[in-house]
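Chain by chain, the residues:
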Amino acid sequence: MNAVILAVLVMLVLAMLRVHVVLSLFVGALVGGLTAGLGISETMVAFQDGLADGAKIALSYALLGAFAMAVAHSGLPQLLANWLIARIETEDESASRKAIRMTTMLVLGGLTVMAIMSQNLIPVHIAFIPLVVPPLLIVMSRLQLDRRAVACAITFGLVTTYMFLPLGFGRVFLHDILYANIKDAGLDVSHVSATQAMGIPALGMIVGLLIAVFVTYRKPRTYRIDTGSDSGEEISGPVEVDRRKVAIALVAVVACFAVQTFLTWTESKADPLLVGALLGLLLFMATRVVTIAEADDVFTGGMRMMALIGLIMITAQGFAAVLKETKQIEPLVKSATSLFAGSKPAAAFVMLLVGLIVTMGIGSSFSTLPIISAIYVPLCLSLGFSPVATVSLIGTAGALGDAGSPASDSTLGPTAGLNADGQHDHMRDSVIPTFLHFNIPLLIAGWIAAMVL
């Protein structure tokens, strides 16, 4: 069996059997390396080299967690929670039910819009999640809102936006990577509209979101209501907040996002997440919203919140490095596509399936496109796919697997926010729901697009 397929299967099976994701990634990488004939030593060297690539990412998210905790300490998120709680707490039962429905849609719709904007308008990617989601957990618990629906809503915004809209991260995915690699492979697609090519796959993602929110996870789900206080007492109503601290927190959040946006748009080599989080933390310290005495507890608590996500990200980089070192990704693509080279429908399905497997393992659709484009373009030309169908097929093959991968930040991000109180499992509540509701519709929609465009 191909080492890449075996490594990904081992990783996924172990993770679904409740083996910790970090250990699953490590064992999967080891199995893949040994199957490819790298040996223990070469496999571990590749894995260790990959770990170094994830260190910066982990530090950035640890600092972001500290910044999120500082924002929570200011009372700003509690102000939002107070307003939402006031909406659903009424003596009139019929009005209360209506308010609960409206507030549920407000939370789901608001987080979806934030996820969409995080890819283009304010390109901070998943940086908004630890800031916004943890304070809303008490509201979600009162609403008995199934957090799996929330995970699907956030992941939808993160993935669909970059694969459909050529702005922000979408411009990087569609023009800088997808179109550039297709052109390098010998096909001019400069006249092809990205939104036209990716429209049908995007509709598949919308269908998946609607099924998740209105069918699969529409029923109430009970969660315990935590306060985050040392006493463990439940908050039964609005909590008083210091308006001065709230104002400073607003300034800090705006400054953090402004710096990240500026560095992203100017393509600075400095890490936007790292610089933005540091600036926000310094503002909180300088204005004494977080005092010297409180700083250690606040920052340590925030870093602890993001520690697991950072560790998974580091390990995922090692796993991806081993997969690339096996040099079996390209043979996998070639052998799989050559099986059905005479049939357009079968070849399209296999190309999408291989893209799903590769992205599930690497954890990044942005890294998958350069690998598959050079092989897919000649095959698409030989089978008679139109340029727009070729763009749609390769773009969808790259995006497949981003949602539903244990190592993708599109699932790690929602888990970071939704598991702040320890009631959201990464595999069962983020990975599996997003895999089922997005990869299956996207696979079907991508195949249809390849056939009709």
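Everything discussed here concerns the structure shown above.
Because the structure is a prediction, the values reported are computed rather than measured. (Residues numbered from 1 in each chain as written. Predicted model: local features only at pLDDT ≥ 70, side-chain atom pairs only at ≥ 80, totals over all residues. Heavy atoms only, no water.)

Colleague: For this particular structure, what's the right way to read the layout of surface pockets?
Modeller: Unoccupied space between atoms shows up once a probe the size of one water molecule is rolled over them. When its volume is computed, the largest pocket comes out at roughly 1400 Å³. The wall of the largest pocket is formed by 45 residues, among which I57, H125, F169, F366 and D409 lie closest to the centre. When residues of the lining of the largest pocket are traced back to their parent elements, those giving at least two are α3 (39-74), α8 (169-184), α11 (243-265), α12 (272-286), α13 (292-326), α16 (365-383) and α18 (409-418). Across the lining of the largest pocket, the residue classes tally to 21 nonpolar, 14 polar and 10 charged. (1 Å grid on protein atoms, 1.4 Å probe; cavity = no way out; pocket = protein on both sides within 12 Å on 5 of 7 lines; lining within 4 Å. Points joined across faces, edges and corners; volume = space filled by probe spheres on them. Helix = DSSP H or I, 4+ residues; strand = E, 2+ residues; numbered from the N terminus. Nonpolar A, V, L, I, M, F, W, Y, C, P; charged D, E, K, R; others polar.)

Colleague: Explanation requested: the environment of A277 in the structure shown.
Modeller: In this fold, A277 is placed in helix α12. Judged by its relative accessible area of 0%, A277 falls in the buried class. In this structure the C-alpha to C-alpha distance between A277 and L63, which are 214 residues apart in sequence, comes to 5.9 Å. Residues contacting A277, with those up to four places away along its chain left out, are L63, L64, F67 and C256. (Buried < 20%, exposed > 50% of the residue type's maximum accessible area, 1.4 Å probe, protein only. Contact = heavy atoms within 4.5 Å.)

Colleague: Got a minute to help me understand the nonpolar core in this structure?
Modeller: Among soluble globular proteins, nonpolar side chains are generally buried collectively. Judged by nonpolar contacts, the single largest core of 135 residues is most densely connected at F67 and M140. In contact with M140, other than residues within four places in its own chain, are V107, L111, V133, L145, V150 and L418. (Core = buried A, V, L, I, M, F, W, Y, C linked by side-chain atoms within 4.5 Å.)

Colleague: Is there a simple way to explain the side chain of S373 in this structure?
Modeller: Within the element layout of this structure, S373 appears in helix α16. Here L369 takes part through its backbone oxygen, which lies 2.7 Å from a polar atom of the side chain of S373. With sequence-adjacent residues up to four places away left out, S373 is seen in contact with N181, A185, P378 and I394. (Polar contact = N/O pair within 3.5 Å; in protein donor to acceptor, adjacent residues only side chain to side chain.)

Colleague: Just to check I follow, could you spell out the packing of helix α7 (residues 147-164) against α18 for this structure?
Modeller: The packing of two helices is summarised by the inter-axis angle and the distance between the axes. Put simply, α7 and α18 touch, their axes get as near as 9 Å, and they point 140° apart. In terms of their interaxial angle, α7 and α18 are classed as oblique. Seen from above, α7 lies across α18 with right-handed handedness. Listed contacts from α18 to R147, V150, A151, I154, T155, L158 and V159 of α7 are D409, S410, P414 and L418. (Axes fitted to C-alpha atoms, helices over the stretch in contact; angles between N-to-C directions. Parallel < 35°, antiparallel > 145°, perpendicular 65-115°, else oblique. Left-handed = near helix turned anticlockwise from the far one by under 90°.)

Colleague: Would you explain the environment of S386 in this entry?
Modeller: Checked against the element boundaries, S386 lands in the loop between α16 and α17 (387-399). Spatially, the C-alpha atoms of S386 and A450 are 8.5 Å apart, while their sequence positions differ by 64 residues. Among the polar contacts listed, one links the side chain of S386 to the backbone oxygen of L453, at a separation of 3.2 Å.

Colleague: Looking at this structure, how should I read the packing of α18 against helix α19 (residues 426-452)?
Modeller: Running from N to C, α18 and α19 point in directions that differ by 140°, and their axes come no closer than 10 Å. The angle between α18 and α19 falls in the class oblique. Classified by chirality, the crossing of α19 by α18 is right-handed. Contact with α18, carried on its side by T411, L412, P414 and T415, involves H426, S430, V431 and T434 of α19 and no other residues of that element. Here the contact of α18 with α19 is built from residues that sort into three nonpolar, five polar and no charged.

Colleague: Help me understand α17, please; the structure alone is not making it clear to me.
Modeller: Since the α-helix packs 3.6 residues into each turn, any two residues three or four apart lie on the same face. In this model α17 runs 18 Å from its N-terminal to its C-terminal C-alpha over 13 residues, within 8% of the 18 Å that 1.5 Å per residue would give. Counting buried positions along α17 yields 12 of 13 residues, so the element is predominantly enclosed. Three or more residues of α17 are buried, namely V388, A389, T390, V391, S392, L393, I394, G395, T396, A397, G398 and A399. One or two positions beyond α17, positive phi appears at G401, with a value near 100°. (Expected span 1.5 Å × (residues − 1).)

Colleague: Is there a simple way to think about the pattern of salt bridges in this case?
Modeller: Opposite charge on two side chains lets them pair, provided their charged atoms get close. Across all of its chains, the model carries six salt bridges by this definition. In this structure, R221 and D429 form a salt bridge, with 3.6 Å as the shortest nitrogen-oxygen distance. Of this pair, R221 sits in the loop between α10 (199-216) and α11 while D429 sits in helix α19, and the two are 208 residues apart along the sequence. Overall, the relative accessible area of 7% leaves D429 in the buried class. Among the ionic contacts, a cluster of salt bridges with common partners joins D146, R148, R221 and D429. (Salt bridge = Lys/Arg side-chain N within 4 Å of Asp/Glu carboxyl O.)

Colleague: Help me out: how do you make sense of the packing of aromatic side chains in this one?
Modeller: Between two aromatic rings, the relevant description is the distance of the centres plus the angle of the planes. Counted under the stated rule, the structure contains three aromatic pairs. Relative to F438, the ring of F156 lies with its centre 6.3 Å away and its plane at 35°, an arrangement referred to as tilted. With F156 in helix α7 and F438 in helix α19, this pair connects stretches of sequence that are 282 residues apart. In terms of burial, F156 and F438 fall into one category: buried. Positioned above the aromatic ring of F385 is the side chain of K344, whose terminal nitrogen or guanidinium carbon lies 4.8 Å from the ring centre. (Phe/Tyr/Trp six-rings, centres within 6.5 Å; stacked < 30°, edge-to-face > 60°. Lys NZ or Arg CZ within 6 Å of the ring centre and 35° of its normal.)

Colleague: Even after reading the chapter, I still don't get unusual backbone geometry, so can you show me in this structure?
Modeller: Glycine aside, residues mostly have negative phi angles, and peptide bonds mostly take the trans form. In this model, Q144 sits at a positive phi of 55°, which is unusual for a non-glycine residue. Inspection of the secondary structure puts Q144 in the loop between α6 (129-143) and α7. One non-glycine residue with positive phi stands out, namely K327, at about 55°. Turning to its location among the elements, K327 is positioned in the loop between α13 and α14 (329-339). The class of K327 is exposed, set by a relative accessible area of 61%.

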